[in-house]
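Below are the chains, spelled out letter by letter.
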Amino acid sequence: MHGHINGVDDLHQQVANLEIEDGNRNLTEDAFASWNSKPPPAPQLSSKGIIAMDITEQFANAAQQLEVGQLVKDPHFTLFEAVGALEIMDPKMDSGYLEPGETMEDDYDFSQPLLPEEILGIIDHMLCDEMAWHMGYPLAQTIFTSLYIDRLLDPSPTSLEQTYFDRSESCSDEPITLQILRAYCLGLIKTCAYVNHRVKSEHFHEEEDFVTHTFNRSLLESIDHDAILDLISETTKLLYGSSGISPELVDALDCRLTFRAAFLKTVHLAESRDSPEDVKAHWVALQALLPGIKASAKLGKPVPASFSHKLQRKLASTTPPRPIVHIGETVAYDELERMCRDGAVAAEVLDYHESHSLMTFVFLFQQRKPQPATYIRTLLQHYIFGDMTILGTMSIRQLLDGDLTSTVMPTHKLLDRANDEVELPTDPRHKMASQMELFRTRAAGCYLDILRTLCQNRCRIRRTLCRSVADWEVLQLDAEELDADLRQYTGEQPVLDRELGSTPSYSFPLSSWAYFYKLRQMEWLIQMGFELEVYQIDEHASMYWYLQYIARTRSRHLERMRGFIVRAFKGHERSKVSREEHEEYMNALAFNNYHSLESTATFGLADALSCLFTVLARLLLVVPPPRPYSDDQKRYEVRMKPFQLIGLPELIPFDDLTRVVAQPEESTSDLLKFAADSVQGAKRGFEILSKLDEKNAFCQGSKDSWLKNMKDCLKACIFTGISIAAVKKAFEQTDKDRKIQIKIEIPATGKGYHDWWVVPKVIPTP
């Protein structure tokens, strides 16, 4: 005990030996220097063990000698020390920091009477906050900034009797205005609970799409859904029986209560996969209520004091309070209307036709501009994958077998369900059934991942496709081995086709199916690069050339698939073919015809644009921007990184790609002529495609979206032809020694006819 006292005395003595020489102190200035803009003066410490030096000038000189991007780090300066060096009393870093005169919590009187127009203003403010949450902002900066919402949720209520704002009075004394606000708030919180649960149950990306963090707050999970609806209904009756509220305000408040009840019913029913028509009807009815809300918004009176960023200090969060996010009413109404419209369309996916129409529906739905909200996209995932049952009615095997049948294996013995009934291990049918089940196990994940990937945001879709094509490459190699093993059980004989080569070949149905989908995803990956403006203007020539290379490969692969399907059909014609078998063959041939025509139009338009951008580069109308940190070789490696692990089609080396894109042996006139011919062929292809019915176009359930997409591609073809003709005319009218009298403009994403086809606009110059 005495030793401890002596140690403390020694410590006090050492502190007393320090001499602090800072002269007379002005307590008024120095004591509150942290609140002034000018930093406080550094104390002058003098001690036998400390020698202080001013190194500011030396530090500045040394910093100027560093290159851009160069970092000097002391290995002994750890992350813990770096975080510990953050300045306390910085409002951006210190969650407990208060401005002079500021209190930790708001002193808000919940018993104060509110005018009906103030209730209207608070409700409209909450609706804007709700839509801001759907747009990706956290609850802490939107809905949880409402003092009334905070009053309801703190502490966590378990019944409606615990949800009164003014807890000093009895329930029967609650004013009608506060009851209206309470009913609306309860409906809002319960709606958010359903939305939050659905989003968290599906695949999404936190902070990138949606923020589900509730900061340890309960969203009325303990209160029954019907009890809240009953309260809203009772409040509506009391509203019409009350006096002292003008008729127009009564109608405005009733419209909002009706909307809140309808929204709550919709999100509750939206998770059902049994009645798509009812779900669609609820979204349509909800959208029909919006005009009344918009028309009466002008009657509301804002109450800014009922919202505060200080409430964030009460949440289970380590971050300092952030500014309140408040979007305008126009933005909120547009977001809500789009959500209703997209929700009604998403429910249509439950009307299943066949696998390719399902894929087309999901792809085109996600291509909508603006893209559907995260909640709607997670609803779409739920409709497709919920409970591991496709669309609530189908097994994964049914979906896979249907896709294999309509793509490459119509009436194939490998897909005969009778094989599953054979139990004798030595029977070839038992072998086929076991091998096919092994393939389905491997292929199901890759196939379903395409649909799940298409339900993400556009940037995430492309990033995921970069990994997906590598998975399909592995699946294709595994399928080739299975195809070789299965031939001994199917008795398939090789076919000699002079167009395919001089050696006999087999059909390889499983690997052909995998190869087709791999090529399709490679095309999407490149095309979405244009949509997301990944490529700069001087890269368009090479990337469009690579797109036509992949599309041309897919076209040749479809020709090979068609050859084996036709041979199998002719072989079955010698025997009796049932009606079902005949329909399967016709459906597979129709699918092959559609994609052959579509791939031909794709590589034709891509080839034309590649030649056009090559000509523009020759004429110095496309000039590469300065790139001090990269060169063509490095950019090539970045663009081709997703394809480096792909065996087929082979990756084009950098030197070869540069040569085939530049085409130095071709004259500018020849390139323009070839581009004009290619775009005309593509135009004819898209014209034929746009005239197909929804069955032969494999877009049942999404015909309108598909037709718009085809017409946009057709418009891009026409505009490309006009640009080629304008460049050709200007080139022919220009002497060799003169600069061509045109310039080009590249439309931004969403401003052209189609985001995948970037067509330069040619403008004459004086």
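What counts and what doesn't
Residues numbered from 1 in each chain as written. Predicted model: local features only at pLDDT ≥ 70, side-chain atom pairs only at ≥ 80, totals over all residues. Heavy atoms only, no water. Helix = DSSP H or I, 4+ residues; strand = E, 2+ residues; numbered from the N terminus. Polar contact = N/O pair within 3.5 Å; in protein donor to acceptor, adjacent residues only side chain to side chain. Contact = heavy atoms within 4.5 Å. Core = buried A, V, L, I, M, F, W, Y, C linked by side-chain atoms within 4.5 Å. Buried < 20%, exposed > 50% of the residue type's maximum accessible area, 1.4 Å probe, protein only. Salt bridge = Lys/Arg side-chain N within 4 Å of Asp/Glu carboxyl O. Patch = residues over 30% accessible without salt bridge, like charges linked within 9 Å, V, L, I, M, F, W, Y side chains within 5 Å. Areas by Shrake-Rupley, 256 points an atom, 1.4 Å probe, with all protein chains shown as cover. Lys, Arg positive; Asp, Glu negative; His and termini not counted. Charge placed at Lys NZ, Arg CZ, Asp CG, Glu CD. Expected span 1.5 Å × (residues − 1). Phe/Tyr/Trp six-rings, centres within 6.5 Å; stacked < 30°, edge-to-face > 60°. pLDDT = per-residue confidence, 0-100. Axes fitted to C-alpha atoms, helices over the stretch in contact; angles between N-to-C directions. Parallel < 35°, antiparallel > 145°, perpendicular 65-115°, else oblique. Left-handed = near helix turned anticlockwise from the far one by under 90°. Nonpolar A, V, L, I, M, F, W, Y, C, P; charged D, E, K, R; others polar. Pairing = 2+ DSSP bridges.

Colleague: Honestly, the side chain of S511 in this entry has me stumped. Any pointers?
Modeller: Inspection of the secondary structure puts S511 in helix α18 (residues 509-531). A distance of 3.3 Å separates a polar atom in the side chain of S511 from the backbone oxygen of F508. When sequence neighbours within four positions are dropped, the list of residues in contact with S511 reads Q476, A479, E480 and D483.

Colleague: Can you help me understand the nonpolar core in this one?
Modeller: Grouped together as the largest cluster of nonpolar side chains are 207 residues, with contacts concentrated most on Y148, W283 and W513. Sort the elements by how many residues they give to this core and helix α7 (residues 176-201) lands first, with 14 residues. Aside from chain neighbours lying at most four places away, what touches Y148 is Y108, F110, L114, I122, M126, F165, L178, L181, C185 and S306.

Colleague: Can you walk me through unusual backbone geometry in this structure?
Modeller: Phi is mostly negative for residues that are not glycine, and the peptide bonds are mostly trans. In this structure, the amide linkage connecting K369 to the following residue, P370, adopts the cis form with an omega of -10°. With an omega of -5°, the peptide bond between L648 and P649 qualifies as cis. Inspection of the secondary structure puts P649 in the loop between α21 (632-639) and α22 (654-662). One non-glycine residue, N216, adopts positive backbone phi at about 65°. Looking at where N216 falls in the secondary structure, it is placed in the loop between α7 and α8 (225-241).

Colleague: What am I meant to see in the pattern of salt bridges here?
Modeller: Opposite charge on two side chains lets them pair, provided their charged atoms get close. Overall, the coordinates contain 39 salt bridges when judged by the stated rule. The closest approach of N and O atoms between D755 and K369, which form a salt bridge, is 3.7 Å. In this pair, D755 is assigned in the loop between β3 (742-745) and β4 (761-764) and K369 in the loop between α13 (355-366) and α14 (374-385), connecting sequence segments 386 residues apart. Where D427 meets R429, a salt bridge forms, and the shortest distance between an N and an O atom there is 3.0 Å. Each of D538, E539, R627, D632, R635 and R639 takes part in one network of salt bridges that share partners.

Colleague: I would appreciate a short explanation of a negative patch on the surface in the present structure.
Modeller: On the surface, E105, D106, D107 and D109 cluster together into a patch of negative charge. Assignment of secondary structure puts D107 in the loop between α4 (79-84) and α5 (116-134).

Colleague: How should helix α15 (residues 396-407) be read in this particular structure?
Modeller: At 3.6 residues per turn, the α-helix brings residues three or four places apart onto the same side. Spanning 12 residues, α15 covers 17 Å between terminal C-alpha atoms, matching the ideal 16 Å at 1.5 Å per step. Most of α15 is tucked away: 10 of the 12 residues are buried. Taken together, the buried positions of α15 are occupied by I396, R397, L399, L400, D401, D403, L404, T405, S406 and T407.

Colleague: Honestly, a nonpolar patch on the surface in this entry has me stumped. Any pointers?
Modeller: A surface patch of nonpolar side chains, about 400 Å² in accessible area, is lined by I51, M53 and I55. Inspection of the secondary structure assignment puts I51 in the loop between β2 (45-46) and α3 (56-64).

Colleague: Help me understand the packing of aromatic side chains in this model?
Modeller: In this description, a pair of aromatic rings is defined by centroid distance and the angle of the planes. Tallied over the entire structure, the rule returns 31 aromatic pairs. Measuring from ring centre to ring centre gives 5.7 Å for W472 and Y517, while their planes differ by 35°; the resulting arrangement is tilted. Of this pair, W472 sits in helix α17 (residues 458-490) while Y517 is found in helix α18, placing the two residues 45 residues apart along the sequence. Centroid distance Y594 to W706: 6.4 Å. Interplanar angle 45°. Geometry classified as tilted.

Colleague: Just checking my understanding: could you explain the confidence of the model for the chain for this structure?
Modeller: Summing up the model confidence of the chain, the mean pLDDT is 89 and the portion of residues at 70 or higher is 90%. Predicted confidence is poor over residues 1-6, with pLDDT under 50, and the contacts of this stretch with residues over four places away or in other chains come to zero contacts. Of the regions scoring below 50 in pLDDT, residues 18-37 engages in 18 contacts with residues more than four places distant in sequence or in other chains.

Colleague: Help me out: how do you make sense of the side chain of N709 in this one?
Modeller: Tracing the chain through its elements places N709 in helix α24 (residues 703-732). Among the residues examined, N709 registers a relative accessible area of 17% and is labelled buried. With sequence-adjacent residues up to four places away left out, N709 is seen in contact with L364, Q367 and H754.

Colleague: Any chance you could explain the packing of α5 against helix α9 (residues 247-269) here in plain terms?
Modeller: When two helices pack together, their arrangement is given by the angle between the helix axes and by the axis-to-axis distance. Where α5 contacts α9, the axes come no closer than 10 Å and their chain directions differ by 30°. With respect to their mutual orientation, α5 and α9 come out roughly parallel. The hand of the α5/α9 crossing is left-handed. Across the interface between the two elements, P116, E117, I119, L120, I123, D124, L127, E130 and M131 of α5 pack against L249, A252, L253, R256, F259, R260 and F263 of α9. Looking at the contact of α5 with α9, its residues break down into 11 nonpolar, no polar and five charged.

Colleague: Teacher, can you tell me more about the pairing of β3 here?
Modeller: Side chains on a regular strand alternate between the two faces of the sheet. Across the two faces of β3 the burial differs, with I742 and I744 buried and K743 and E745 not buried at all. Across four bridges, the pairing between β3 and β4 is antiparallel. Paired with K743 across the two strands is I763, which belongs to β4.

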